[in-house]
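Inside the fold
Now for the letters of each chain:
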Amino acid sequence: MFSSLINLVIPLNLCIFLMVAGFVLCLVRFTRSGLSLIFTGILWVLIWSLPITSIVFGGILENSYPHHPAEQYPTAQAIVVLGGATANNRINWFEPLEPDSKIARVDTAAELYFQQKAPRILVSGGALSGDVSEARGMAARLKTLGVPAEDIILENESRTTHENAAMTVQQLKDHQIHSILLVTSALHMPRSMAAFSKYDLEVTAAPNPGQITVPDDKDFSLFIPNERALAGSRSILKEYVGVLVYWLRGWV
């Protein structure tokens, strides 16, 4: 259900669907209805290609749990990092990807660890393709950053945010952990906090820095269609649809 809804509302997908449906209606002489569908599809793509749309709707999500410097967070028994890489971990949603300046979720977790905010890090995420889970990949990165292997806990099976929460909580219970700092992207944090809120657990949101901000570029316009805005719209819509689906299923 979740994947189907996401695929349906992706701007290009919905535009194509509505345009095809509109042309069919025009062919069978329901011209007004057909033209209305065609116009709606084009408008949907146009709206989500504008940076202002990402700034407004993405900003609502990212600002729900603002990012803070690591030293400002309270201490907890563990840091939990969820798999994923929103916008490829780029610093700014609208700027080209710079590999040397990426901020991954594990980087935020490591910073919290070295600030002594928690003595252990649990990485959560199964294999999306192949045999290597996201958790193993994150654990490898943490080790290169200097986090000892004995302080890393792996949850290798989850493939959704709902499963992240359910399977992580079981791991936490096994290790008698009752308070965590939850690390994920700022965009993903509202759905993640909602998923974890169902459990008897003290959770503090510790998101990555927000990515959906106006870049320092004098030529950038909020009202001129932008390829990155359109490409990134899927991530924003995924979160809104995800919260709705999770609520309907009783997962939040």
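Going by the structure above, here's the rest.
What comes next concerns the included structure. (Residues numbered from 1 in each chain as written. Predicted model: local features only at pLDDT ≥ 70, side-chain atom pairs only at ≥ 80, totals over all residues. Heavy atoms only, no water.)

**Regarding the packing of helix 3 (residues 31-49) against helix 9 (residues 227-249)**
Stated formally: What counts as an axis is a line fitted to C-alpha atoms, over the stretch in contact for a helix, and the angles between N-to-C directions run from 0 to 180 degrees. What counts as a helix is a DSSP run of H or I of at least four residues, what counts as a strand is a run of E of at least two, and both are numbered from the N terminus. When describing relative orientation, an angle under 35 degrees is termed roughly parallel and one over 145 degrees roughly antiparallel, while 65 to 115 degrees is termed roughly perpendicular and anything else oblique. By the convention used here, residues are in contact when the closest approach between their heavy atoms is within 4.5 Å. Throughout, the ten residues Ala, Val, Leu, Ile, Met, Phe, Trp, Tyr, Cys and Pro are labelled nonpolar, Asp, Glu, Lys and Arg are labelled charged, and all others, Gly among them, are labelled polar.
Look at helix 3 against helix 9: their axes get within 8 Å of each other, and the N-to-C directions meet at 95 degrees. On the basis of the axis angle, helix 3 is roughly perpendicular to helix 9. Contacts between helix 3 and helix 9 pair Trp44, Val45, Trp48 and Ser49 from the former with Ala229, Leu230, Ser233, Ile236 and Leu237 from the latter. The class makeup of the residues in the contact of helix 3 with helix 9 is seven nonpolar, two polar and no charged.

**What to know about the pairing of strand 2 (residues 121-124)**
We count it as follows: Three exposure classes are used, based on accessible area relative to the maximum for each residue type with a 1.4 Å probe and protein chains only: buried under 20%, partly exposed in between, and exposed over 50%. When DSSP finds at least two bridges between two strands, those strands are taken to pair. The crossover handedness rule: strands pointing away from the viewer, path from first strand over the helix to second strand clockwise, crossover right-handed.
A two-sided burial pattern is seen for strand 2, the buried positions comprising Ile121 and Val123 on one face and Leu122 and Ser124 on the other. Where strand 1 (residues 78-82) lies against strand 2, four bridges are found, and the strand directions are parallel. Paired with Val80 across the strands is Leu122, a residue of strand 2. For the crossover that starts at strand 1, traverses helix 5 (residues 105-114) and ends in the parallel strand 2, the hand is right-handed. Note that strand 2 and strand 3 (residues 152-155) share four bridges and pair parallel. Bridge pairing in strand 3 links Ser124 to Glu155.

**A closer look at the state of the cysteines**
Short version of the rule: To count as a disulfide, a pair of cysteine sulfur atoms needs to be within 2.5 Å.
The tally for this structure, following the rule as stated, stands at zero disulfides. Distance from the sulfur of Cys15, which forms no disulfide, to the nearest cysteine sulfur (Cys26) is 14 Å. Overall, the relative accessible area of 10% leaves Cys15 in the buried class.

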